[in-house]
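# Fold and geometry: a report
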Amino acid sequence: MKLVILGAPGAGKGTIAKLLSAVDGSVQISTGDILRGAIESGSEWGRQAQAYMSRGELAPDALIMEVMEARLQQPDCENGFLLDGFPRTIPQAQALHQLFDKLGITLDLALNIEVPRDVVLERLTTRRTCENPECQAIYNIKSKPPAREGVCDKCGSAVVQRDDETEAAINRRLQTYTEKTAPLIGFYRQRGLLLTTPSTSSEEVVAAVTGRLGSAH
């Protein structure tokens, strides 16, 4: 399957992508992961991205699209791909579809995961992350706490609340999402590619996607 996954911070995009990947081997792709990989590899793209990020700036769309073009042509994308949290803006979506045309790729679906604001706040304010950059295991102090409070089960490093997961920071992120990313819902609806799932159950979201794709093929 070839999907774009939309949803506010905390909507569960990464979780859904992992479950969908298990269905047919489609590879999960997030721009954050491929930019970090480019930086770690020391590639020219990575050096350019690092320069922007070190100044606290976002990598420009042109650079992201170059990295995305290279990523989509790698062999593991032949089975399909799940774009997790990309595109984030209308210009990115337009550039992405020009890239799809160039590469002969047909997008199957844009999945919009619709989760109530109070659920997002609850999920993110109770989330904790292992501070070890090699681990980054994720916990939830209510639903999935570490065995020892404040200590990662996997590597023994400290488990912390990220700066961008305080309530004030989350409200800012949700405002940014509403202003810049939510318009993508209309963009994909106009193209007949939108599937909105108002469920907080990951299994139900996966079932909705596989049901829609099954009926379309």
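This section reports on the structure supplied with the text. Computed from a predicted structure; not experimentally measured. (Residues numbered from 1 in each chain as written. Predicted model: local features only at pLDDT ≥ 70, side-chain atom pairs only at ≥ 80, totals over all residues. Heavy atoms only, no water.)

Along the chain, Arg128 turns up in strand β5 (residues 127-130). Buried within the structure, Arg128 lacks any salt-bridge partner; its nearest side chain of opposite charge belongs to Glu165, at an N-O separation of 6.2 Å. When residues no more than four places from it in sequence are discounted, the contact partners of Arg128 are Ala137, Ile138, Tyr139, Ile141, Val159, Val160 and Gln161. (Helix = DSSP H or I, 4+ residues; strand = E, 2+ residues; numbered from the N terminus. Buried < 20%, exposed > 50% of the residue type's maximum accessible area, 1.4 Å probe, protein only. Lys, Arg positive; Asp, Glu negative; His and termini not counted. Salt bridge = Lys/Arg side-chain N within 4 Å of Asp/Glu carboxyl O. Contact = heavy atoms within 4.5 Å.)

Taken as a whole, helix α2 (residues 31-41) has its buried residues at Thr31, Ile34, Leu35 and Ala38. For α2, the angular spread of buried residues about the axis comes to 100°, placing them on one side. Looking at the buried side of α2, the elements it contacts are β2 (27-29), α3 (44-54) and α4 (61-72). Between a side-chain oxygen at the N-terminus of α2 and the backbone nitrogen of Asp33 the separation is 3.1 Å; the capping residue is Ser30. Where α2 ends, the next residue or the one after it, Gly42, has phi of about 75°, a positive value. (Arc of directions from axis to C-beta. Polar contact = N/O pair within 3.5 Å; in protein donor to acceptor, adjacent residues only side chain to side chain.)

The pairing of β5 with strand β6 (residues 138-140) spans three bridges and is antiparallel. If you follow Arg127 over to β6, its bridge partner there is Asn140. (Pairing = 2+ DSSP bridges.)

Our focus in this paragraph is the sheet that holds β2. Spatially, β2-β3-β1-β4-β8 is the arrangement adopted by the five strands of the open sheet, whose pairing is parallel. Two strands bound the open sheet, and with one partner strand each, they are β2 and β8 (194-197). The average undirected angle you get between the axes of adjacent strands in this sheet is 20°. The pairing of strand β1 (residues 2-7) with strand β3 (residues 81-84) spans four bridges and is parallel. Residue pairing in the sheet places Leu3 in a bridge with Leu82 of β3. (Axes fitted to C-alpha atoms, helices over the stretch in contact; angles between N-to-C directions.)

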